[in-house]
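Listed below, chain by chain, are the residues.
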Amino acid sequence: MHWKPFRGGTHPNPAKRTAGLAIEVVPPPGKVIIPLQQHIGAPCKPLVKPGDEVLTGQVIGEPGGFVSAPIHASISGKVAAVAPMPTYTGQEVLSVVIDSDGRDQKHPDLTPHHTWEQASSKQIVDWIKECGLVGMGGAGFPTHVKFAPPADKPIEAVILNGAECEPYLTCDHRVMQERADKVVLGLRAFMKAVNAPAGFIAIEDNKADAIDRLTRVTASLPQIKIVRLHTRYPQGEERLIIKAILNREIPRGGLPADVGAIVSNVSTAATFADFLLTGRPLIQRIVTITGSGIVNPKNLEVRIGTLLEDAARYCGGLQDNAAKLIVGGPMTGPSYYDLAVPIMKATAGLVVLTEAEARKLEPIACVSCGKCVEACPYGLLPNFLGKYAELGRIADAEKTGLMDCRECGCCSYVCPSRRPLLHAIKSAKAEVAARRRKG
Amino acid sequence: MPERFVVTSNPHIATTQTTERIMREVMLALLPASAAAVYFFGWRVLAVIAVSMVAAVCTEAIIQKALKQKTTIMDGSAALTGLLLALTLPPTVPLWIPALGAIFAIAIAKQVFGGLGSNPFNPALIGRAFLTASWPKLMSTWKWPHAAQSLVQQLSASDAVSAASDVISSATPLELAKSMEVQVPLEPLFWGNIAGSLGEVSAMALLAGGLYLIIRRIIDWRIPVAYLGTVAVIALISRQDPLFHLLAGGLLLGAFFMATDYVTSPITRKGRVIFAIGAGLLTILFRRYGANSEGVCYSILIMNAFAPTIDRLTVPRIFGEVKGRA
């Protein structure tokens, strides 16, 4: 089934060079740096101190609130430090540094839950939390919070997001292709967690092999549908994926549960399947290390806390003309100035651009071409929002729909005058958010 | 490899379609029309175009130097204004006409308002309007291409005309239709073997350039389609030949290259349609009831004035907004 495309969006060069490359499992590194906040919400409190011996899968950070997720040791060894360390978000985060003992010894408490199909919904949600699951597509929102919607909002559909509309990235594609069984098992467990009658796996139509694979795997499961989405950025954004599948729009300021849906990433589901089958929590993930600045681009399975430089070295290192490091996709990912920062739960990859690719032209005057208006999937007027933001007219920006922006970056991408529209909009949003917090 | 890599905000990639490139592509799209002008009216046309473009670029550079602003002549917008202005002029104009027109267009219609992106009216059309108001005689002295002499004789010999052939030979097809009810056949109108402004004579050349801009997604097809469609439909209703109205005069030049000017047209899709329909209505009204036989220039200028209002009235629905509730 082919679903209606959304209004607007854009078609960046896909650059998915690694789409055909099988996942390579990287041996556990000699050292990991595990930040105690890898999710949206409250940071975790450390449960270990320097000198402690830890085992693979052991909880080393306990949630600091409801919107938070536990953090586990991704290797076994000795805690070298518990200290603030830099992360690619630009924030220093209290982190646990573990020196490996080279044995990768599993914590004895890690037990499979083969009988999950007999478990209660609440039990499954507890397991989601125990697993330390957060949205692995990039947002990093604690998954168990998503799966605890208000009682008056029944969930009719769980949607697994396999759109992977960001250019360059192919980790979700490889997971769907190579670990289709786990993706489907994870989805079934997610559906059970909220008693959802229907499940969807939504994939952009540029990943025909993954669509075929999952269609075959789900042939005997009538409650699960594989959805072919049009390939167009940002089709994988939550609002647009729900609109494509259920033809419902999340009301302004609302949440997916308001329209009876929960959206989760395919890698998140596969990780949860691992947890049910082996007891292993979220201590590893697939990342795409790619871009013209990487010698041998690859899809890797790495332990959380592996430094980006270790992952890059596994891919032959950087080219001499490497000039920009982007963590995640090039449309929404942050850039960072070096590789000495760890891969976290929501890190989908590393994109290294060359000098020529990273060169940005000077912005010139807005010519009101309207291309940003055409590209905005949310019906906003990015040119006005950008102007208001630059002039400090935050109230006017708010009236024009500032807080409805999902920060996909289409406006900046299409702007022929290279105006930093998203940058201005994000700054204005941050101001509004800060003011709202103050009350 | 750098010690520290460059950090910017996202997105980190961008389209290759830059404003500068768009300006150059629009000029490229005007190449067929310019070449047709040279073909039909001779090499002097090149001088008119050159004077207009050089004057426009120099005016912009001098003003920006004088005001100690960044010089932006390399963005191509001033050169494009000069080219567009030249294409609206009769082939017979003395060369100071394009010079003065271009200076006025850039200085008064563009830089006074703050330069690129800030002008409410299409500078080239303001330049033309200024010239028409100041030197009406020079701006309405037409000539037919040499290759059209037999057509002129044929038109002069028709029963409907009692006037001498020099009247015919100094009038545009629209003027002939309005004052003498002589209709120039469609074929020369299409190829451009007629009297008129430099850039408006060859419908074929304008269509080729316009289609190029639509295919390259530089202009929104809605504007020319709605503009031309409105003119055609009203011509049909009022029992005139719609094809004649489409091919004669400055309509194609206006619909593809003037009404689609980013700065002075609406930014919303719906707004562009309304804008273009308005321009179409005005054009046919001017042609029918106006003092002149042509009305494209003023129609677009008047709609330019409404563009911000149209934008305000056609703000798109925000995703998730329920109709009837804000």
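Residues numbered from 1 in each chain as written. Chains lettered and ligands numbered in written order. Predicted model: local features only at pLDDT ≥ 70, side-chain atom pairs only at ≥ 80, totals over all residues.

## Some remarks on the overall build of chain B
In step 1: Counting secondary structure elements, chain B contains 16 helices and zero strands.
In step 2: Here the C-alpha atoms of chain B give a radius of gyration of 21 Å, agreeing with the 20 Å that 2.2 N^0.38 yields for 326 residues.
In step 3: Projected onto its principal axes, the C-alpha coordinates of chain B cover approximately 80 × 50 × 35 Å. (Helix = DSSP H or I, 4+ residues; strand = E, 2+ residues; numbered from the N terminus. Rg over C-alpha atoms; globule rule 2.2 N^0.38 Å.)

## Examining unusual backbone geometry
In step 1: In this structure, A:Pro234 follows A:Tyr233 across a cis peptide bond, with omega equal to -5°.
In step 2: Of note, A:Pro234 is situated in the loop between strand E11 (224–229) and helix H6 (238–246).
In step 3: For the peptide bond that leads from B:Asn10 to B:Pro11, omega is -5°, which places it in the cis range.
In step 4: Looking at the secondary structure, you find B:Pro11 in the segment before helix H1 (19–29).
In step 5: Phi at B:Arg217 is positive, roughly 55°, even though this residue is not glycine.
In step 6: You can call B:Arg217 exposed: it has 12 C-beta atoms within 10 Å. (Buried ≥ 20, exposed ≤ 12 C-beta atoms within 10 Å, placed from the backbone.)

## Quick look at the interface of chain B and chain A
In step 1: Listed as interface residues are 36 residues of chain B and, on the opposing side, 55 residues of chain A.
In step 2: In terms of residue class, the side of chain B that touches chain A is made up of 18 nonpolar, 13 polar and five charged. (Contact = placed C-beta atoms within 7 Å. Nonpolar A, V, L, I, M, F, W, Y, C, P; charged D, E, K, R; others polar.)

## Thoughts on the domain arrangement of chain A
All names here are of chain A.
In step 1: Split by domain assignment, chain A resolves into domain 1 (116–278) and domain 2 (371–438).
In step 2: One C-alpha centre belongs to domain 1, the other to domain 2, and the line joining them spans 29 Å.
In step 3: Tallying the contact residues gives six residues for domain 1 and five residues for domain 2.
In step 4: Residue composition of the side of domain 1 that touches domain 2, by class: three nonpolar, no polar and three charged. (Domains from an automatic or database assignment.)

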